[in-house]
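Residue-level listing of the chains:
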Amino acid sequence: MSARMSLLDWSLLLALSLLWGGSYFFVGVVVKALPPFTIVLLRVAIAAVALHAVLRLTRTQMPWDASAWAAFFGMGLLNNAIPFSLIVWGQTQIASGLASILNATTPLFALVVAHLVTHDERLSKGRLAGILLGLAGVVVLIGPDALTGLGSDVLAQIAVLAAALSYGCAVTFGRRFKRMGVPPLATAAGRSPPRA
């Protein structure tokens, strides 16, 4: 594995950032017209259709054993159903910029969860400093003004932080798919609803 990122790697990272970051903006717009759980259902359904189309194009096989599908169910809860629902509901009360900043605590939660439940992902000063620097970078990119709502609508802010914790748990939970030999693309598709 190369330690340097290629132009393609940087391009994919930029595209991913736009897709993930843009979701907060679009949810902030759509939540004024649709109920929160309808937005979650549409988001997951669109992703499921796209992922299953990619599976077909790449001829990636899905595992069909019960243990893989139990793991997919757990991952779907931790990485989709719980956080999407909490974030979309939270955005009915708070601005999308603040929701983005609160969700940027995900790596911090992932680091703490991994430290508590694994033996090879330990909390270190360097990792903590890197995550805090990244969080500060998110605040700078979004704009410190987004933090003006911090402290009001506390329940909605707690919901978004709970979503970040759920994502953080999903990171550690997802390690099992490599041990199970499930390809990453199948892992991504499996945590979405299967095609009918």
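Reading guide: rules and limits
- Residues numbered from 1 in each chain as written.
- Predicted model: local features only at pLDDT ≥ 70, side-chain atom pairs only at ≥ 80, totals over all residues.
- Heavy atoms only, no water.
- Helix = DSSP H or I, 4+ residues; strand = E, 2+ residues; numbered from the N terminus.
- Expected span 1.5 Å × (residues − 1).
- Bend = angle between axes of the 7 residues up to and from the residue.
- Phe/Tyr/Trp six-rings, centres within 6.5 Å; stacked < 30°, edge-to-face > 60°.
- Buried < 20%, exposed > 50% of the residue type's maximum accessible area, 1.4 Å probe, protein only.
- Core = buried A, V, L, I, M, F, W, Y, C linked by side-chain atoms within 4.5 Å.
- Contact = heavy atoms within 4.5 Å.

Q: Residue-level account of helix H3 (residues 66–90), with values.
A: Here H3 contains 25 residues, and its C-alpha end-to-end distance of 34 Å stays within 8% of the 36 Å for a straight helix at 1.5 Å per residue. Leu77 marks where H3 bends most, by close to 45 degrees.

Q: I'd like a description of the packing of aromatic side chains, backed by residues and values.
A: In the structure shown here, the tally under the stated rule is 4 aromatic pairs. Ring centres 5.2 Å apart and planes at 70 degrees place the aromatic pair Phe25 and Phe26 in the edge-to-face group. Among the residues examined, Phe26 registers a relative accessible area of 54% and is labelled exposed. When the centroid spacing of 5.4 Å and the interplanar angle of 15 degrees are considered together, the rings of Phe72 and Phe177 count as stacked. Highlighted residues: Phe72 in helix H3 and Phe177 in helix H8 (residues 175–180), separated in sequence by 105 residues.

Q: I'd love a proper account of the environment of Thr148, names of residues and values included.
A: Inspection of the secondary structure puts Thr148 in the loop between helix H6 (125–142) and helix H7 (154–173). Overall, the relative accessible area of 67% leaves Thr148 in the exposed class. The sequence separation of Thr148 and Leu98 amounts to 50 residues, and the corresponding C-alpha distance is 8.5 Å.

Q: Please provide a residue-by-residue account of the nonpolar core, values included.
A: Formed by 17 residues in total, the largest nonpolar core has its most connected members in Ile87, Val88, Ile94 and Val160. Secondary-structure elements contributing two or more residues to this core are helix H1 (7–30), helix H2 (36–58), H3, helix H4 (96–103) and H7. With 4 residues, H7 is the single largest residue contributor to this core. Look past the residues within four positions of Val160 in its chain and what remains in contact with it is Leu86, Ile87, Gly90, Ile94, Ala99, Leu102 and Asn103.

Q: Can you explain the side chain of Ser100? Please cite residues and give values.
A: With respect to the secondary-structure elements, Ser100 resides in helix H4. Once residues within four sequence positions are removed from consideration, Ser100 is found in contact with Tyr24, Val138 and Ile142.

Q: Go over H7, please, and point to the residues and values.
A: Turn by turn, an α-helix covers 3.6 residues, leaving residues three or four places apart pointing in a common direction. Taking 1.5 Å of rise per residue, the 20 residues of H7 would be expected to cover 28 Å, and the 28 Å separating its terminal C-alpha atoms lies within 8% of that figure. Within the span of H7, buried status applies to Ala156, Gln157, Ala159, Val160, Ala163, Ala164, Ser166, Tyr167, Gly168, Ala170, Thr172 and Phe173.

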